[in-house]
Amino acid sequence: MTLLAEKDFYQALEAGRKPKGSGAHPFSLLWAEGGLSRHQLGLWAIQHYYYISVIPQQFAALYARMPDPLGRHLLIENLVGEEMPETPEKSHPNLLLKFAKACGFDPAFVEDAEARGDILPATRAMRAWIWELATIRPIHEACAGIMVALEGQLPTLYPKYIAAMTKMGFTDDELEFFHVHVENDVEHAEVGLQLCHKYADDEQKQAMAVEAVKGSAALRYQMLSEIEEALRMKQAA
């Protein structure tokens, strides 16, 4: 194996998320077709909130580990965009709570899901994996597994969700969580690619960065599978 040029490395990273891309999951396809009820979307939001509610802290941990000013400069905008310190009601976790409320779920009920035992194993694994990437794994793996693998999927995934939910009667305000990811995550994914290229400076590091992308995509795919199965069991009951 030889060291990939920048363009080839970017292509390898982006290709790593395709075999288990969330957009091809049956749950995503059903969502995009308008096949989920508001209640079902709210159940998804409960799981997703547990997964993303600590993302600002995770980005802060990764920011603290950045070894040079350029890396920190690239990442700080991502962190501020998640946390929104000047308008905290616009933080991404709070925007998701607003969406859950539009689905009929009180924000306190969403926040208490873990205490009720409602969090699925794959959702726990997803959150734990991001903590591992942010705090333990090398920087090139962290940036690949978080920004390239996960944020990189959303600009193409969420527009289909938005179109379906708009037809259901959701307002743009209720769907703000999805809109901001469509608007911001193209840039976030690009930052992830830049940081991966900066820190993956040998063949082994490049290979591990690609594996981090594959791992994150597969875990998120599994999370959707468990949510889909949980909804099926509820319907059967």
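Everything below is about the structure shown above.
What counts as what
- Residues numbered from 1 in each chain as written.
- Predicted model: local features only at pLDDT ≥ 70, side-chain atom pairs only at ≥ 80, totals over all residues.
- Heavy atoms only, no water.
- Disulfide = S-S within 2.5 Å.
- Buried < 20%, exposed > 50% of the residue type's maximum accessible area, 1.4 Å probe, protein only.
- Helix = DSSP H or I, 4+ residues; strand = E, 2+ residues; numbered from the N terminus.
- Contact = heavy atoms within 4.5 Å.
- Salt bridge = Lys/Arg side-chain N within 4 Å of Asp/Glu carboxyl O.
- 1 Å grid on protein atoms, 1.4 Å probe; cavity = no way out; pocket = protein on both sides within 12 Å on 5 of 7 lines; lining within 4 Å.
- Points joined across faces, edges and corners; volume = space filled by probe spheres on them.
- Nonpolar A, V, L, I, M, F, W, Y, C, P; charged D, E, K, R; others polar.

Caption draft 1: Broad picture of the state of the cysteines. According to the stated counting rule, one finds 0 disulfides in the structure shown. A disulfide-free cysteine, Cys143 has its sulfur positioned 5.5 Å from the sulfur of Cys196, the nearest such atom. On the basis of relative accessibility, which here comes to 0%, the residue Cys196 falls in the buried class.

Caption draft 2: Examining the environment of Val210 more closely. Relative to the helices and strands, Val210 resides in helix H13 (residues 203-236). Once residues within four sequence positions are removed from consideration, Val210 is found in contact with Phe9, Ala12 and Leu13.

Caption draft 3: Just the pattern of salt bridges, in detail. Going through the model one piece at a time under the given rule, you end up with 12 salt bridges. Between Asp68 and Lys198 there is a salt bridge, and its shortest N-O distance comes to 3.9 Å. Pair noted here: Asp68 is in the loop between helix H4 (55-65) and helix H5 (69-83) and Lys198 is in helix H12 (residues 176-199), with a separation of 130 residues, a long-range link. We classify Asp68 as buried; its relative accessible area is 15%. When the shortest N-O distance is used, the salt bridge between Arg137 and Glu132 registers 2.8 Å. Looking at Glu132, the relative accessible area reads 28%, which means it is partly exposed. Each of Lys90, Lys98, Asp173 and Glu176 takes part in a single network of salt bridges with overlapping partners.

Caption draft 4: Inspection of the side chain of Ser91 at higher detail. Looking at where Ser91 falls in the secondary structure, it is placed in the loop between H5 and helix H6 (92-102). Classification of Ser91 as buried rests on a relative accessible area of 5%. If we skip the residues at most four places from it in the chain, Ser91 touches Glu82, Glu83 and Met84.

Caption draft 5: Broad picture of the layout of surface pockets. The space that makes up the largest pocket amounts to roughly 220 Å³. Along the wall of the largest pocket there are 13 residues; nearest its centre are Leu43, Ile46, Gln47, Asp118 and Lys234. Every element with two or more residues in the lining of the largest pocket is listed here: helix H3 (38-52) and H13. For the lining of the largest pocket, the element with the highest residue contribution is H13, accounting for 4 residues. Looking at the lining of the largest pocket residue by residue, the classes come out as 8 nonpolar, 2 polar and 3 charged. Approximately 180 Å³ is the volume found for the second largest pocket. Glu14, Arg17, Lys18, Gly21, Ser22, Gly23, Gly152, Gln153, Thr156, Leu157 and Lys160 are the residues that line the second largest pocket. Per-element tally for the lining of the second largest pocket: the top contributor is helix H11 (residues 154-168), with 3 residues.

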